[in-house]
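Here's the letter readout for the chains.
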Amino acid sequence: MKVLVIGGTGTIGSFVTQELWKRGYEITLLVRGLSRQVFPNELETSVVHGDRRDVSLLRTIAEHNFDVVVDLACYEPQDAETAVQTFSGKIEQYLFVSTVDVYTKPAAVYPVTEDAERNPRKSFAYAWKKAQCEEVFFKAHREKRCAVTIIRPAHTYCEGVTPLLQVFGWTTDHLDRIRKGKPVMLHGDGTSLWSSLYAEDLAIPLARALLNPVAYGKAYNIASEEIMCWNRLYEIVADVIGVPLCPVYVPARVLGQVFPEKALWCVENFQYSNVFSVALAKEDLGFATRTSYRDGVTRCLRWFAENGGFDNSDSPRFDFYERFLKVWETSMRSLTETLVRDTGSVG
Ligand SMILES: NC(=O)c1ccc[n+]([C@@H]2O[C@H](COP(=O)([O-])OP(=O)(O)OC[C@H]3O[C@@H](n4cnc5c(N)ncnc54)[C@H](OP(=O)(O)O)[C@@H]3O)[C@@H](O)[C@H]2O)c1
């Protein structure tokens, strides 16, 4: 099988490439060469360095008789259109890696199945555009331009990225805060539900979808079956580090008002419960959660220890965090004090 992997060196793509390589497929990677490689120079693959938005490059690549394109780097509907136009009639299957964020939040019913409403808010641009990309690919499938399969991962991590997201997204200063025993912010009261999957566990079902007619025209949720509230995720990480957790709870709405950009993903996403059915992926593609969160966290923290550590939470870059916490704690104290002063008690 000849496979073009667009974006095969990132968090998910590295494990996908490794899995396809194990299966003896002939692999070509298209990447810009900007991202850190999880398995540098380990696998025998052809690598084309270039931007998937370079239409003439994409056209040249499309002449190489691929059976399948696995697309891990499509974020814009225009790029989906270009891909469909370029590869139609030249490949058997296009596998688009989308996201579970295409579903309407909060969901009407949990767990969210693949046929749930997909109407993400426009203010959550990433999700909104991914949903548009899906429409482009589904249309190509309906028009029989190529068979399309869509994989919708929930949060997926591996060595080199944080296994634990935070109210401000993807930096690792919160891990440094936990390590140093500093207070760390959690949104709401830490009880919304979330799951995080080790990337290797996604690669196997994805590989099984390739040239598999059962998967044609279908979308699959892929998410860890270890569904936990944020408090538990944070407790596990603190436990692996070997320190007690000092959580400070702040409503997502407050974070969004004060930090409209930094807290965007928290407001649009993390504050809601994220529980997805993986029954279809289990049935069709043999998906299983093989790596426990604790084991995945242990691997990632070891990687950080061996590769320069976390973002330093004492750096001036993160002064905003400390300043907010100080004002927040003072405001909460003064709320109670004012109520007691004015009425003699809080109740
Ligand atoms: N990780 C998650 O939690 C998660 C969850 C849901 C969905 N997804 C989806 O899964 C896909 C992969 O995610 P990831 O976390 O593995 O991403 P990632 O770590 O950022 O990797 C992205 C890959 O795409 C390549 N790339 C990016 N822009 C490119 C371009 N314009 N042209 C060519 N190559 C490009 C990158 O290499 P270069 O930078 O060197 O080009 C890298 O190999 C994405 O589509 C994402 O939306 C991820």
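Just so it is clear, the model here is predicted, and its values are computed rather than measured.

Parameters and conventions
- Sequence order sets the numbering: in each chain, residues are counted from 1 along the sequence as written.
- Given that the model is predicted, a residue must reach a pLDDT of at least 70 before its local features are reported, and side-chain atom pairs must reach 80 or more before they are shown or counted; all residues, however, enter totals for whole chains, interfaces and linings.
- All residues are tested the same way: a C-beta atom is placed from the backbone, and lying within 6 Å of a molecule or strand makes the residue near it.
- Only DSSP runs of H or I with at least four residues qualify as helices, and only runs of E with at least two residues qualify as strands; both kinds are numbered from the N terminus onward.
- Under the scheme applied here, ten amino acids are nonpolar (Ala, Val, Leu, Ile, Met, Phe, Trp, Tyr, Cys and Pro), four are charged (Asp, Glu, Lys and Arg), and all others, including Gly, are polar.
- In this analysis an axis means a line fitted to C-alpha atoms, helices contributing only their contacting stretch, and an angle means the value between N-to-C directions, from 0 to 180 degrees.
- Working rule for angles: under 35 degrees goes down as roughly parallel, over 145 as roughly antiparallel, 65 to 115 as roughly perpendicular, anything else as oblique.
- Throughout, a crossing is termed right-handed when the near helix is turned clockwise from the far one, and left-handed when it is turned anticlockwise from it by less than a right angle.
- Distance between backbone-placed C-beta atoms decides contact: two residues are in contact if it is within 7 Å.
- The pairing criterion for strands is at least two bridges between them, as found by DSSP.
- Expected helix span is taken as 1.5 Å per residue step, with the number of steps being one fewer than the number of residues.
- Buried means a residue has 20 or more other C-beta atoms within 10 Å of its own C-beta, exposed means 12 or fewer, and partly exposed covers the counts in between; C-beta atoms are placed from the backbone.
- Throughout, the arc means the angular range of directions from the helix axis out to the C-beta atoms.

Novice: Looking at this structure, how should I read the site of the ligand?
Specialist: Inspection of the region around the ligand gives 24 residues, with Gly7, Gly10, Thr11, Arg32 and Ser35 positioned closest. Of all elements in the fold, only helix H1 (11-22) and strand S2 (26-31) reach the threshold of two or more residues within the shell around the ligand. No other element matches the three residues that H1 contributes to the shell around the ligand. Among the residues forming the shell around the ligand, the class breakdown is nine nonpolar, eleven polar and four charged.

Novice: Whenever I open this one, the packing of helix H7 (residues 230-241) against helix H11 (residues 293-306) confuses me. Can you help?
Specialist: Any two packed helices are characterised by the angle at which their axes cross and by the distance between the axes. Two numbers describe how H7 lies on H11: the axes approach to 10 Å, and their chain directions differ by 50 degrees. Considered as vectors, H7 and H11 are oriented oblique to each other. The crossing of H7 and H11 is right-handed. Together, Ile236, Val237, Val240 and Ile241 of H7 and Tyr293, Arg294, Val297, Thr298 and Leu301 of H11 make up the contact between the two elements. The residue makeup of the contact of H7 with H11, split by class, is seven nonpolar, one polar and one charged.

Novice: Sorry if this is basic, but what is going on with the sheet that holds strand S6 (residues 147-153) here?
Specialist: Hydrogen bonds between backbone groups are what pair the strands of a sheet, and the pairing can be parallel or antiparallel. Spatially, the seven strands line up as an open sheet ordered S3-S2-S1-S4-S5-S6-S11, and their pairing is parallel. The open sheet is flanked by strand S3 (46-49) and strand S11 (219-222), the only strands paired with a single partner. Adjacent strand axes in the sheet meet at a mean angle of 15 degrees, parallel and antiparallel pairs treated alike. Relative to S2, strand S1 (residues 2-6) runs parallel, the two sharing five bridges. Across the sheet, residue Leu4 finds its bridge partner in S2, namely Thr28.

Novice: Sorry, what's going on with H7 here?
Specialist: Every α-helix winds through 3.6 residues per turn, so residues three or four apart in the chain are directed the same way. Under the 1.5 Å per step criterion, the end-to-end length of H7 is 17 Å for twelve residues, consistent within 8% with the ideal 16 Å. Within the span of H7, buried status applies to Trp230, Leu233, Tyr234, Ile236, Val237, Ala238 and Val240. Summarising the contacts, the buried residues of H7 are in contact with helix H5 (173-179), strand S8 (184-187), strand S9 (193-194), strand S12 (228-229), strand S13 (247-250) and H11. Just downstream of H7 lies Gly242, where phi reads positive at about 95 degrees.

Novice: What is the right way to look at H11 in this model?
Specialist: Over its 14 residues, H11 extends 20 Å from the first C-alpha to the last, a length consistent with the 20 Å expected when each residue adds 1.5 Å. Looking at H11, one finds that the buried residues are Tyr293, Gly296, Val297, Cys300, Leu301 and Phe304. End-on, the buried residues of H11 take up no more than an arc of 130 degrees, which puts them together on one face. With respect to the buried face of H11, the exposed residues turned more than 90 degrees away are Asp295, Arg302, Ala305 and Glu306.

Novice: Teacher, can you tell me more about unusual backbone geometry here?
Specialist: Trans is the common state for peptide bonds, and a negative phi is the common state for residues other than glycine. In the segment running from Lys105 into Pro106, the intervening peptide bond is cis, with an omega of -10 degrees. Looking at where Pro106 falls in the secondary structure, it is placed in the loop between strand S5 (93-97) and helix H4 (125-142). Here the amide bond leading from Tyr110 into Pro111 is cis, since omega sits at -5 degrees, within 30 degrees of zero. Non-glycine residue Asn65 carries a positive phi angle of around 55 degrees. Mapped onto the secondary structure, Asn65 falls in the loop between helix H2 (55-62) and strand S4 (68-71). The phi dihedral of Lys144 falls on the positive side, at around 60 degrees, and the residue is not glycine. Accessibility expressed as a C-beta count within 10 Å gives 9 for Lys144, which makes it exposed.

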